[in-house]
Amino acid sequence: RDALPLLGNAMGGHWLVLGSLSPWIEAILLEYGVASRVSTLEYANLSACPDRHPKIINLLPEDFNQGYLSAERFDGFVQWSSVEHSGLGMY
């Protein structure tokens with residue numbers, strides 16, 4: 001909580017979470033008002049989850065690529081353990 005004032009204009013924006021099978025990071029971002037909406041970039045298709053939150057958008061890599069090419073931008077991003085897994089060829 002102490003770091004929230006340091007976010008400046010990113011506070012309350014659209015945030016990207018890189019790799020998340022369980023939406024705990026997304027929940028924290030929304031609960032503390034860091035994000036008004038969250039996009040989760042994950043290799044697994046999470047769209048079929050029965051408990052989807054209306055402010056959390058699930059993106060597959062190909063969806064993300066299309067959004068990036070059409071100028072989709074984010075105010076911030078969070079990753080937890082996914083980048084090093086991808087780098088190790090686990091996905």
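Everything discussed here concerns the structure shown above.
Read on for an overview of the structure. The structure presented is a predicted model; accordingly, all values stated were derived computationally and were not measured.

Things to note about the pairing of strand 2 (residues 35-41)
When you tally the buried positions in strand 2, you get five out of seven residues, the bulk of the element. As defined by bridge partners, strand 1 (residues 13-18) adjoins strand 2 across six bridges and the pair is classed as parallel. Looking at strand 2, one finds that leucine 18 is bridged to leucine 41. For the segment spanning strand 1, helix 1 (residues 24-31) and strand 2, crossover handedness is right-handed. Alignment of strand 2 against strand 3 (residues 56-59), held across four bridges, turns out to be parallel. Bridge pairing in strand 3 places threonine 40 opposite asparagine 58.

Topic: a nonpolar patch on the surface
A surface patch of nonpolar side chains, amounting to about 460 Å² of accessible area, comprises Trp24, Ile28, Tyr32 and Trp80. Tracing the backbone shows tryptophan 24 in helix 1. Tryptophan 24 gets classed as partly exposed once you look at its relative accessible area, which sits at 41%.

Considerations on the nonpolar core
Core analysis: the largest hydrophobic core is formed by ten residues, namely Ala10, Trp15, Val17, Ile25, Leu29, Leu30, Val34, Ala35, Val38 and Ile56. Elements with a contribution of two residues or more to this core: strand 1, helix 1 and strand 2. When residues of this core are assigned to their parent elements, the largest contribution, three residues, is made by helix 1.

Re the packing of aromatic side chains
Applying the stated criterion to the full structure yields one aromatic pair. On the basis of an interplanar angle of 15 degrees and a centroid distance of 6.2 Å, the ring pair of phenylalanine 64 and phenylalanine 74 is categorised as stacked. In this pair, phenylalanine 64 sits in helix 2 (residues 61-69) while phenylalanine 74 sits in the loop between helix 2 and strand 4 (76-79), placing the two residues ten residues apart along the sequence. Given the relative accessible area of 21%, phenylalanine 64 is considered partly exposed.

Details of the layout of surface pockets
Space inside the largest pocket adds up to approximately 220 Å³. Surrounding the largest pocket, 13 residues form its lining, Leu4, Leu7, Ile28, Leu29 and Val34 being those nearest its centre. Residue contributions to the lining of the largest pocket peak at four residues, all from helix 1. Across the lining of the largest pocket, the residue classes break down as twelve nonpolar, no polar and one charged.

Rules used in this analysis
Residues numbered from 1 in each chain as written. Predicted model: local features only at pLDDT ≥ 70, side-chain atom pairs only at ≥ 80, totals over all residues. Heavy atoms only, no water. Buried < 20%, exposed > 50% of the residue type's maximum accessible area, 1.4 Å probe, protein only. Helix = DSSP H or I, 4+ residues; strand = E, 2+ residues; numbered from the N terminus. Pairing = 2+ DSSP bridges. Right-handed = clockwise from strand over helix to strand, strands pointing away. Patch = residues over 30% accessible without salt bridge, like charges linked within 9 Å, V, L, I, M, F, W, Y side chains within 5 Å. Areas by Shrake-Rupley, 256 points an atom, 1.4 Å probe, with all protein chains shown as cover. Salt bridge = Lys/Arg side-chain N within 4 Å of Asp/Glu carboxyl O. Core = buried A, V, L, I, M, F, W, Y, C linked by side-chain atoms within 4.5 Å. Phe/Tyr/Trp six-rings, centres within 6.5 Å; stacked < 30°, edge-to-face > 60°. 1 Å grid on protein atoms, 1.4 Å probe; cavity = no way out; pocket = protein on both sides within 12 Å on 5 of 7 lines; lining within 4 Å. Points joined across faces, edges and corners; volume = space filled by probe spheres on them. Nonpolar A, V, L, I, M, F, W, Y, C, P; charged D, E, K, R; others polar.

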